[in-house]
Amino acid sequence: MFKELNPLLHSELRLGIMSILISVDSADFTYIRKQTGTTAGNLSVQIEKLKEAGYIDVTKSFKGKMPCTTCKITQQGVEAFQQYVEALQSYLNPQQHKKEG
């Protein structure tokens, strides 16, 4: 049968954030905002949800006098993302279920 999709990652914006972070060492807030096309406020909320889940680490610092927020995916986040992709594939390849069942 179909695998359950992680509701935390099923959000378009949170999935976008995780998709960016899975492919880079880290990314700053401005880069993620530009890539996702969302507002700073919405991005802040979604980053906090991913942080609370343990999927990303967030480091706040300064570049000169400007605040800088940097995000990095955690091992738990990598595993959750991989499980989400596998679950999504169960929807994209339903023929596999007939062969397995």
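Remember, it's a predicted structure, so these values are computed and weren't measured experimentally. (Residues numbered from 1 in each chain as written. Predicted model: local features only at pLDDT ≥ 70, side-chain atom pairs only at ≥ 80, totals over all residues. Heavy atoms only, no water.)

**Details of the overall build of the protein**
To keep it simple, the criterion reads: Comment: elements are numbered from the N terminus, with helices defined as DSSP H or I runs of at least four residues and strands as E runs of at least two. Only protein chains enter the accessibility calculation, which uses a 1.4 Å probe. A residue is then buried if its area is under 20% of the maximum for its type, exposed if over 50%, and partly exposed in between.
Counting its secondary structure elements, the protein contains 5 helices and 3 strands. Of the regular secondary structure in the protein, the N- to C-terminal order runs α-β-α-α-β-β-α-α. Referenced to the eigenvectors of the C-alpha coordinate spread, the extents of the protein come out at roughly 60 × 25 × 20 Å. Buried residues in the protein amount to 34% of all 101 residues.

**A word on the sheet that holds strand β2 (residues 56-63)**
The line we're drawing: Strands pair, by our definition, only if DSSP identifies at least two bridges between them. Pairs of residues are marked as contacts when any of their non-hydrogen atoms sit within 4.5 Å. Geometry is summarised by axes, namely lines fitted to C-alpha atoms with helices restricted to the contacting stretch, and by angles between N-to-C directions that run from 0 to 180 degrees.
Pairing in this open sheet of 3 strands is antiparallel, and the strands run β1-β3-β2 from one edge to the other. With one partner strand each, in any of the chains shown, β1 (27-28) and β2 form the two edges of the open sheet. Here β1 pairs with strand β3 (residues 66-73) via 2 bridges, running antiparallel. Within the sheet, the bridge partner assigned to D28 lies in β3 and is T70. In the packing of helix α1 (residues 12-22) onto the sheet, contacts are made with β1, β2 and β3, and the angle to β3 comes to roughly 80°.

**Considering α1**
Here is the rule: Taken from the helix axis, the directions to the C-beta atoms give the arc we talk about.
All of the buried residues along α1 are L13, R14, I17, M18, I20 and L21. Each buried residue of α1 lies within a common arc of 160° when the element is viewed along its axis, so the set occupies one face. Buried residues in α1 make contact with β1, α2 (29-36), α3 (40-52), β2, β3 and α4 (75-92).

**A look at α4**
A turn of α-helix holds 3.6 residues, and therefore any two residues three or four places apart point the same way. Threshold: Expected helix span is taken as 1.5 Å per residue step, with the number of steps being one fewer than the number of residues.
Here α4 is 18 residues long and its end C-alpha atoms lie 26 Å apart, about the 26 Å a rise of 1.5 Å per residue gives. Taken as a whole, α4 has its buried residues at G77, V78, A80, F81, Y84, A87 and S90.

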